[in-house]
Amino acid sequence: MKDAPLLKGPLVPRLIALFTGLVLVALGIVVMLESDLGLPPWDVFHVGVADHTGLSIGVASVIVSLVVLGIGWAAGAAPGFGTFANAVVIGVSIDRLLAIPTVDRWSTLPLGGRIGLVAAGILLFGLGSALYIGAGFGAGPRDSLMLALSRRTGRRIALVRGAIEVAVLVAGFALGGPVGVATVAFVFLIGPSVELSCWTLLRLRIAVPAPDRTPEFGPLDVA
């Protein structure tokens, strides 16, 4: 699958899918955070920033996302509505979810249960990504930056994305962010998780292959 499928339907249902997807991504991050086994590279960085600034993880995520959005915009990647929504909704949702007492108790699960949290987090992140990408409202801040740098440098997207992820992971680790087996699992499994979710949307016939419809609010995300 080269492109994420686009959801069928008019504006309102796709807006619902956009925000549902962003909340699911936030839930996936929170589930992995509570596993105490590591986080995705960008969230390792967000936790590191939060630890050194006294900000909440969600606020740190929003600030970093807006800075990345600004850099990408300055580099030539015009944001869409989904870019701004991505920057704000995920961070706000992370803080709201972490405030739920039941969520805080997940970290006390035995190792087997916490490994299950990692698996659930990657699946939730993949499904959420497929939904918000499929809604067709524009790339997330990090992907906008990736596309802009790829165009500016003439380098392949995969190379630019990899370089950004490594740089962010190293910076987050230096700041004390949680790197662990879940970080490695995420790097290798998030792609298949997103593809599985995209395939499911197609099988359920609530989405169509990307070439069949052009998104209304900017370029598609390429998570």
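Refer to the structure presented above.
First things first, this report covers the structure right here in the doc.

Rules and cut-offs
- Residues numbered from 1 in each chain as written.
- Predicted model: local features only at pLDDT ≥ 70, side-chain atom pairs only at ≥ 80, totals over all residues.
- Heavy atoms only, no water.
- Helix = DSSP H or I, 4+ residues; strand = E, 2+ residues; numbered from the N terminus.
- Rg over C-alpha atoms; globule rule 2.2 N^0.38 Å.
- Buried < 20%, exposed > 50% of the residue type's maximum accessible area, 1.4 Å probe, protein only.
- Contact = heavy atoms within 4.5 Å.
- Lys, Arg positive; Asp, Glu negative; His and termini not counted.
- Charge placed at Lys NZ, Arg CZ, Asp CG, Glu CD.
- Phe/Tyr/Trp six-rings, centres within 6.5 Å; stacked < 30°, edge-to-face > 60°.
- Lys NZ or Arg CZ within 6 Å of the ring centre and 35° of its normal.
- Axes fitted to C-alpha atoms, helices over the stretch in contact; angles between N-to-C directions.
- Parallel < 35°, antiparallel > 145°, perpendicular 65-115°, else oblique.
- Left-handed = near helix turned anticlockwise from the far one by under 90°.
- Patch = residues over 30% accessible without salt bridge, like charges linked within 9 Å, V, L, I, M, F, W, Y side chains within 5 Å.
- Areas by Shrake-Rupley, 256 points an atom, 1.4 Å probe, with all protein chains shown as cover.
- Salt bridge = Lys/Arg side-chain N within 4 Å of Asp/Glu carboxyl O.
- Expected span 1.5 Å × (residues − 1).

Secondary structure assignment for the protein chain yields 9 helices and 2 strands. Here the C-alpha radius of gyration of the protein chain, 17 Å, is about what a compact globule of 223 residues would show, namely 17 Å. Across its three principal directions, the C-alpha atoms of the protein chain cover 45 × 40 × 25 Å. Counting every position in the protein chain, which comprises 223 residues, the buried fraction comes to 50%. Residue pairs in contact within the protein chain that sit at least 24 positions apart in sequence constitute 82% of those at least 6 positions apart. A distance of 8 Å separates the average location of the 15 positive side-chain charges in the protein chain from that of its 13 negative side-chain charges.

Attention now goes to the side chain of serine 150. As for its position among the elements, serine 150 is in helix H7 (residues 141-153). Those residues in contact with serine 150, other than ones at most four positions away along the chain, are Arg155, Arg156, Ile157 and Val160.

Below, the discussion takes up the packing of aromatic side chains. Considering all chains together, one arrives at 4 aromatic pairs under this definition. On the numbers, 6.2 Å between centres and 75 degrees between planes, the contact of phenylalanine 19 with phenylalanine 81 is edge-to-face. Pair noted here: phenylalanine 19 is in helix H1 (residues 11-35) and phenylalanine 81 is in helix H4 (residues 81-98), with a separation of 62 residues, a long-range link. Aromatic pair tryptophan 73 and phenylalanine 84: ring centres 6.2 Å apart, planes at 80 degrees, arrangement edge-to-face. Pair noted here: tryptophan 73 is in helix H3 (residues 57-74) and phenylalanine 84 is in helix H4, with a separation of 11 residues, a long-range link. In this structure tryptophan 73 comes out as partly exposed when scored by relative accessible area, which is 48%. The exposure class assigned to phenylalanine 84 is partly exposed, which follows from its relative accessible area of 37%. Site record: aromatic cluster; members linked through ring pairs are Phe19, Phe81 and Phe137. Seen from the ring of tryptophan 42, arginine 142 lies directly overhead, with NZ or CZ sitting 4.7 Å from the centre.

A word on the packing of helix H6 (residues 111-134) against helix H9 (residues 181-203). Interhelical geometry of H6 versus H9 gives an angle of 45 degrees and a closest axis separation of 7 Å. With respect to H9, the axis of H6 lies oblique. For the pair H6 and H9, the crossing hand works out as right-handed. On H9, the residues touching Val118, Ile122, Leu123, Phe125, Gly126, Leu127, Ser129, Ala130 and Leu131 of H6 are Ala182, Ala185, Phe186, Leu189, Ile190, Ser193, Val194, Ser197, Cys198 and Leu201.

Further remarks concern a nonpolar patch on the surface. Together, Leu55, Val59, Ile63, Val67 and Ile71 make up an exposed nonpolar region whose accessible area comes to about 380 Å². Mapped onto the secondary structure, valine 67 falls in helix H3.

Think of an α-helix as 3.6 residues a turn; residues three or four steps apart then line up on the same face. With 24 residues, H6 should reach 34 Å at 1.5 Å per residue; the first-to-last C-alpha distance of 34 Å fits that figure. Looking at the residues trailing H6, positive phi occurs at glycine 136, about 80 degrees.

Positive phi values are uncommon outside glycine, yet aspartate 36 reaches one of about 60 degrees. Within the secondary structure, aspartate 36 is located in the loop between H1 and helix H2 (41-53). Even without being glycine, arginine 205 reaches a positive phi, approximately 60 degrees. Within the secondary structure layout, arginine 205 lies in the loop between H9 and strand S2 (207-208). Under the relative-accessibility criterion, arginine 205 is labelled exposed at 67%.

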